[in-house]
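Observations on chain architecture
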Amino acid sequence: MISISVVIPAYNEEHRLPETLKVLKQFVSLKQSAWSVQEIIVVNDGSTDKTASLVEEVQKEWPLLQLVSFPLNKGKGAAVHAGMQKSSSAWILIADADMATPWDELNKFATLSNEAELIMGSRALPQSDIVIRQHWIRQSMGKTFNKILKFIVGLPFHDTQCGFKLLKNDSFFRLKVLPLLQVERFSWDVELILFLMKFNKKILEVPIRWEHKEESHVHIVRDSLEMLFTVLKLKKRVRSE
């Protein structure tokens, strides 16, 4: 069995997170996976709703569940980094709180754990199973962003923004890569990919089953522009590190 920590960044997720944790608990209890889930770390990114108290309630009956809370909102990247810092297993699964990707998709990654340091779920491969698609505007923005990434920083991937990524939590990552990660908001995953590529680490993009969920916290125009400026700065910083 391969040990794994599940990191779930959460900002104002009182409506979606309870079902996500319920289904995850069922998945873990079945023990029908090659993965041995050692801990589930929910990072509450300064939520103003009942996200933290809901997690604390579930904790009473589920010792694997842990809560990290920021007093103020810092951003998804900061939340993911905090979860990574706290993780103690051989692998880290970073998953969105909306459960857009079912937990059992993790089983697809088991046979690939000896082939890569980062295994990314992808919605943009021919074999990807998209149950419910995003609005066409969001789809177009996502495709455009990935084309920009290929042009600016040469990333050879089709979908860097999917919220289902499995990362090898070895000593090299903790000592060499994790201290370099600075992006606190969006594009944190682009930063992670760029530094892993700089150190010649293997990255795989894997088709997954995915279902669009409403209540996205991403502002199409504002956050897309922020991601673009972040990537432009990243290109220079990764080269200098």
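Heads up: the structure comes first, above all this text.
In what follows, the accompanying structure is described. Note that the coordinates shown come from a computational prediction; the quantities given were computed from them, not determined experimentally.

Thresholds applied
Residues numbered from 1 in each chain as written. Predicted model: local features only at pLDDT ≥ 70, side-chain atom pairs only at ≥ 80, totals over all residues. Heavy atoms only, no water. Salt bridge = Lys/Arg side-chain N within 4 Å of Asp/Glu carboxyl O. Buried < 20%, exposed > 50% of the residue type's maximum accessible area, 1.4 Å probe, protein only. Helix = DSSP H or I, 4+ residues; strand = E, 2+ residues; numbered from the N terminus. Patch = residues over 30% accessible without salt bridge, like charges linked within 9 Å, V, L, I, M, F, W, Y side chains within 5 Å. Areas by Shrake-Rupley, 256 points an atom, 1.4 Å probe, with all protein chains shown as cover. Phe/Tyr/Trp six-rings, centres within 6.5 Å; stacked < 30°, edge-to-face > 60°. Lys NZ or Arg CZ within 6 Å of the ring centre and 35° of its normal. Pairing = 2+ DSSP bridges. Axes fitted to C-alpha atoms, helices over the stretch in contact; angles between N-to-C directions. Contact = heavy atoms within 4.5 Å. Right-handed = clockwise from strand over helix to strand, strands pointing away. Parallel < 35°, antiparallel > 145°, perpendicular 65-115°, else oblique. Left-handed = near helix turned anticlockwise from the far one by under 90°. Nonpolar A, V, L, I, M, F, W, Y, C, P; charged D, E, K, R; others polar.

Let us look at the pattern of salt bridges. Note that side chains of opposite charge can pair when their charged atoms are close. The tally for this structure, following the rule as stated, stands at ten salt bridges. Across the salt bridge formed by Arg-16 and Glu-13, the nearest N and O atoms sit 2.8 Å from each other. For Arg-16, a relative accessible area of 13% translates into the label buried. With a relative accessible area of 6%, Glu-13 lands in the buried category. One network of salt bridges, with partners in common, ties together Asp-104, Glu-105, Lys-108 and Arg-209.

It is worth spelling out helix 7 (residues 188-198) at this point. By the criterion of burial, helix 7 is predominantly enclosed, with nine of the eleven residues buried. The complete set of buried residues in helix 7 reads Trp-188, Asp-189, Val-190, Glu-191, Leu-192, Ile-193, Leu-194, Phe-195 and Leu-196. Phi turns positive one or two residues past the end of helix 7, at Asn-200, with a value near 60°.

Here we come to a nonpolar patch on the surface. Side chains of Leu-225, Phe-229 and Leu-232 sit close together on the surface and give an oily, nonpolar patch of about 300 Å² of accessible area. You can see Leu-232 is positioned in helix 8 (residues 220-240). Residue Leu-232 is classed as partly exposed on the basis of its relative accessible area, which comes to 45%.

Attention now moves to the environment of Asn-114. Counting through the fold element by element, Asn-114 comes out in the loop between helix 4 (106-110) and strand 5 (118-122). Between the C-alpha atom of Asn-114 and that of Lys-168, which follows or precedes it by 54 residues, the distance is 9.9 Å.

Okay, the packing of aromatic side chains next. Taken as a whole, this structure holds three aromatic pairs when the rule is applied. With a centroid separation of 6.2 Å and an interplanar angle of 75°, the aromatic rings of Trp-35 and Trp-91 are classed as edge-to-face. In this pair, Trp-35 is assigned in strand 2 (residues 35-45) and Trp-91 in strand 4 (residues 91-95), connecting sequence segments 56 residues apart. Owing to a relative accessible area of 4%, Trp-35 belongs among the buried residues under this scheme. We note Arg-123 situated over the ring of Trp-210; from NZ or CZ to the ring centre the distance is 5.1 Å. Lys-201 extends its terminal NZ or CZ atom over the ring of Phe-172, reaching a point 4.0 Å from the ring centre.

Strand pairing within a sheet occurs via backbone hydrogen bonds; the two strands may be parallel or antiparallel. Taken in spatial order, the seven strands of this open sheet run 3-2-1-4-7-5-8, and their pairing is mixed. Lying at the two open borders of the sheet, with one neighbouring strand each, are strand 3 (65-70) and strand 8 (203-207). Geometrically, the sheet is characterised by an average inter-axis angle of 20° between neighbouring strands, direction not taken into account. The pairing of strand 1 (residues 2-10) with strand 2 spans nine bridges and is parallel. The partner of Ile-8 across the bridge, within strand 2, is Val-42. Along the sheet, helix 3 (residues 76-86) contacts strand 1, strand 2, strand 3, strand 4 and strand 7 (164-168); its crossing angle with strand 2, the most-contacted strand, is approximately 140°.

Checked against the element boundaries, Arg-237 lands in helix 8. The buried category is assigned to Arg-237, whose relative accessible area is 17%. Apart from the residues within four sequence positions on either side, Arg-237 is in contact with Leu-180, Gln-182, Val-183, Glu-191 and Phe-195.

Turning our eyes to something else, we now look at the pairing of strand 1. Within a regular beta strand, the side chains point alternately toward one face of the sheet and then the other, so they alternate between its two faces. Where burial is concerned, most of strand 1 is hidden: seven out of the nine residues are buried. For the handedness criterion, the β-α-β arrangement of strand 1, helix 1 (residues 17-30) and strand 2 is classed as right-handed.

Right, let's talk about the packing of helix 1 against helix 2 (residues 51-59) for a bit. Packing of helix 1 against helix 2 leaves a shortest axis separation of 10 Å and a crossing angle of 25°. Here helix 2 runs roughly parallel to helix 1, going by the angle between their axes. When the axes of helix 1 and helix 2 are compared, the crossing they make is right-handed. Mapping the contact onto sequence places Leu-17, Pro-18 and Leu-21 in helix 1 and Thr-51, Leu-54, Val-55 and Val-58 in helix 2. Looking at the contact of helix 1 with helix 2 residue by residue, the class counts come to six nonpolar, one polar and no charged.

Summarising burial for strand 5: five of the five residues are buried, a large majority. Going residue by residue along strand 5, you find Leu-118, Met-120 and Ser-122 tucked away on one face and Ile-119 and Gly-121 tucked away on the opposite face as well. The sheet contact formed by strand 5 and strand 7 spans three bridges and is antiparallel. The partner of Leu-118 across the bridge, within strand 7, is Leu-167. Relative to strand 8, strand 5 runs parallel, the two being bridged by five bridges. The residue bridging Gly-121 from the neighbouring strand is Val-206, located in strand 8.

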